[in-house]
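Results of the structural survey
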Amino acid sequence: MVAAQKLKCKEKKSVKRLRKHIGYLASDELEGRSTGSEGELLSAQYLANQFDKLGLQPMGDDGSFLQEFSVVSLRLTMDQGNTFKLGKESLSLFQDYYPLSYSANNASVKGNIVNCGFGIEAAGRNDFVNELDGNIALIDISSPDGIHPHSKWAAYHGVQIRVDKAIEKGATGVIFYTKDQQIDEPSGELSLKMSPSKIPVVYVSRDTKIDLTGNVELSVAIVTDSEEGHNVLAFIDNGAKHTVVIGAHHDHLGRGEHGGSLSNEISQIHNGADDNASGSAGLIELARVLRKGKKGINSNNYLIAAFSGEEMGLLGSKYLVNHLPFQLEQTNYMLNMDMVGMLDSASKTLVIN
């Protein structure tokens, strides 16, 4: 912990600049900087302008500071286009079954239902003993010892890991179900954070009275919409072999439209001064220091990265890792600044971890 000290003249100027940056980024004008919003773009443009003034090299798309990536802003199960036919019977959407978040957006398959137990393949257990090739996997969404934190099979409880294993075994679709009264049934609300698989994935309600055997025809129809998020990338080239990445996310919760809000008020602006206008402002100020290239700090190059999409699941940083402007092997390490300035009000100390 570092005790607060009296500021020098140069440090006072730095604090003044930091206040200015935070004041703008956390202002109502930016409406909480929700990824894909006009306020988030204003935030990105502000950071880009600051990096440009400092003489940093743009490392975004087409010679700019901005790196765009798509963010799913809407994902809804359609009333039309979703079908589940089992032999001569048709199941009702939302009443008998519904797609899960990991389902493909649009896909239709036909095949026999193959019972795959709990969909677990691990040391001492293999539920994929029946031939799946081209057919539909039926998986109990519970586990051999139930769903709880101390389950021996806790690492295999996730829908995604079980679907991926079924796909590996040749499944063209997955039907989840359970008769376990001790567990909650999965939500029918489609997550915006999860990337979908390429096959239909549905859950059949516990109350549905039907024998899940035989031939099935399954179609899913999910409508999607997307918006553009904006990372801001700037480079300090010291001609070094390796690069240090210094990052901070500049997005926040907007008006709470994508969740995460603790407010009881509808559409309240979440200004996000602490999370993370503070880290973004620190990024600008640190870039100012590093740009001077003094001895001792010029032994690395520096990629200054302001991410978006953090509040929606680290989307911007994930995109950057897959679209780095240089080889990952050239990177030494990354420093991340999030919620900078959380001072203990009693002791006036800053904790760094």
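Right above here is the structure, for reference.
Residues numbered from 1 in each chain as written. Predicted model: local features only at pLDDT ≥ 70, side-chain atom pairs only at ≥ 80, totals over all residues. Heavy atoms only, no water.

The subject of this paragraph is the overall build of the protein. Within the protein, the secondary structure is distributed over five helices and 17 strands. Seen through its C-alpha atoms, the protein measures out along the principal axes to roughly 80 × 50 × 45 Å. Restricting the contact set of the protein to residue pairs at least 6 apart, pairs at least 24 apart contribute 77%. The protein carries 34 positive and 43 negative side-chain charges, and their two centres are separated by 12 Å. (Helix = DSSP H or I, 4+ residues; strand = E, 2+ residues; numbered from the N terminus. Contact = heavy atoms within 4.5 Å. Lys, Arg positive; Asp, Glu negative; His and termini not counted. Charge placed at Lys NZ, Arg CZ, Asp CG, Glu CD.)

So, on to the packing of aromatic side chains. Tallied over the entire structure, the rule returns six aromatic pairs. Pairing Phe51 with Phe65 gives two aromatic rings, centres 6.5 Å apart and planes at 50 degrees, and the pair type is tilted. Placement of the pair is Phe51 in helix H2 (residues 38-53) and Phe65 in the loop between strand S2 (57-58) and strand S3 (66-77), with a sequence separation of 14 residues. Each member of the pair, Phe51 as well as Phe65, is classed as buried. Over the face of the ring belonging to Trp153 we find Arg125, whose NZ or CZ atom lies 6.0 Å from the ring centre. (Phe/Tyr/Trp six-rings, centres within 6.5 Å; stacked < 30°, edge-to-face > 60°. Buried < 20%, exposed > 50% of the residue type's maximum accessible area, 1.4 Å probe, protein only. Lys NZ or Arg CZ within 6 Å of the ring centre and 35° of its normal.)

Burial in helix H3 (residues 159-168) covers these residues: Arg162, Val163, Lys165 and Ala166. Seen end-on, H3 carries its buried residues on one side only, within an arc spanning 160 degrees. Tucked inside the fold, the buried residues of H3 contact strand S8 (121-122), strand S10 (136-140), strand S11 (173-177) and strand S12 (201-204). The first or second residue beyond H3 is Gly170, which carries a positive phi of 110 degrees. (Arc of directions from axis to C-beta.)

Take a positive patch on the surface next. A cluster of like positive charges, contributed by Lys8, Lys10, Lys292 and Lys294, occupies part of the molecular surface. When you line up the elements, Lys10 lands in helix H1 (residues 9-25). Note on Lys10: relative accessible area 63%, which makes it exposed. (Patch = residues over 30% accessible without salt bridge, like charges linked within 9 Å, V, L, I, M, F, W, Y side chains within 5 Å. Areas by Shrake-Rupley, 256 points an atom, 1.4 Å probe, with all protein chains shown as cover. Salt bridge = Lys/Arg side-chain N within 4 Å of Asp/Glu carboxyl O.)

Moving on: the side chain of Gln67. Position of Gln67 relative to the elements: it lies in strand S3. At 3.4 Å, the side chain of Gln67 and the backbone oxygen of His323 are in polar contact. Filtering out sequence-adjacent residues up to four positions away, Gln67 remains in contact with Gly60, Asp61, Gly229, His230, Asn231, Leu233, Tyr319, Leu320 and His323. (Polar contact = N/O pair within 3.5 Å; in protein donor to acceptor, adjacent residues only side chain to side chain.)

Moving on, we get to a nonpolar patch on the surface. Nonpolar side chains collect at one region of the surface, where Leu74, Leu76, Met78 and Val223 lie side by side and expose about 290 Å² of accessible area between them. Judged by relative accessible area, which is 34%, Leu74 ranks as partly exposed.

Our next topic: unusual backbone geometry. The omega angle of the peptide bond from Asp275 to Asn276 is 10 degrees, so this bond is cis rather than trans. When you line up the elements, Asn276 lands in helix H4 (residues 273-291). For Glu31, which is not a glycine, the phi torsion comes out positive at approximately 50 degrees. Inspection of the secondary structure assignment puts Glu31 in the loop between H1 and H2. Relative accessible area serves as the criterion here: at 36%, Glu31 is assigned to the partly exposed category. Located in the positive-phi region is Asp62, a residue other than glycine, with phi close to 50 degrees. Relative to the elements of secondary structure, Asp62 occurs in the loop between S2 and S3. Given a relative accessible area of 84%, Asp62 falls into the exposed group.

This brings us to the layout of surface pockets. In this structure, the second largest pocket encloses a volume near 320 Å³. Considering the residues around the second largest pocket, the lining is formed by 18 residues, among which Ser70, Leu192, Lys193, Ser195 and Leu315 are closest to the centre. Counted by class, the lining of the second largest pocket contains eight nonpolar, seven polar and three charged residues. (1 Å grid on protein atoms, 1.4 Å probe; cavity = no way out; pocket = protein on both sides within 12 Å on 5 of 7 lines; lining within 4 Å. Points joined across faces, edges and corners; volume = space filled by probe spheres on them. Nonpolar A, V, L, I, M, F, W, Y, C, P; charged D, E, K, R; others polar.)

It is worth spelling out empty space enclosed by the protein at this point. A full pass over the atoms with the stated rule returns one cavity of 30 Å³ or more. Its boundaries defined by the atoms lining it, the largest cavity holds a volume of some 60 Å³. If you trace the largest cavity, you find it lined by Ser34, Thr35, His252, Leu253, His258, Gly259, Glu311 and Met312. Its residues placed into classes, the lining of the largest cavity shows two nonpolar, five polar and one charged.

You can see Pro99 is positioned in strand S6 (residues 97-99). The spatial distance from the C-alpha of Pro99 to the C-alpha of Glu29 is 38 Å, given a sequence separation of 70 residues. Every residue in contact with Pro99, bar those within four places of it in the chain, is listed here: Thr77, Asn82, Leu93, Gly188, Leu190, Val201, Val202, Val220 and Ile222.

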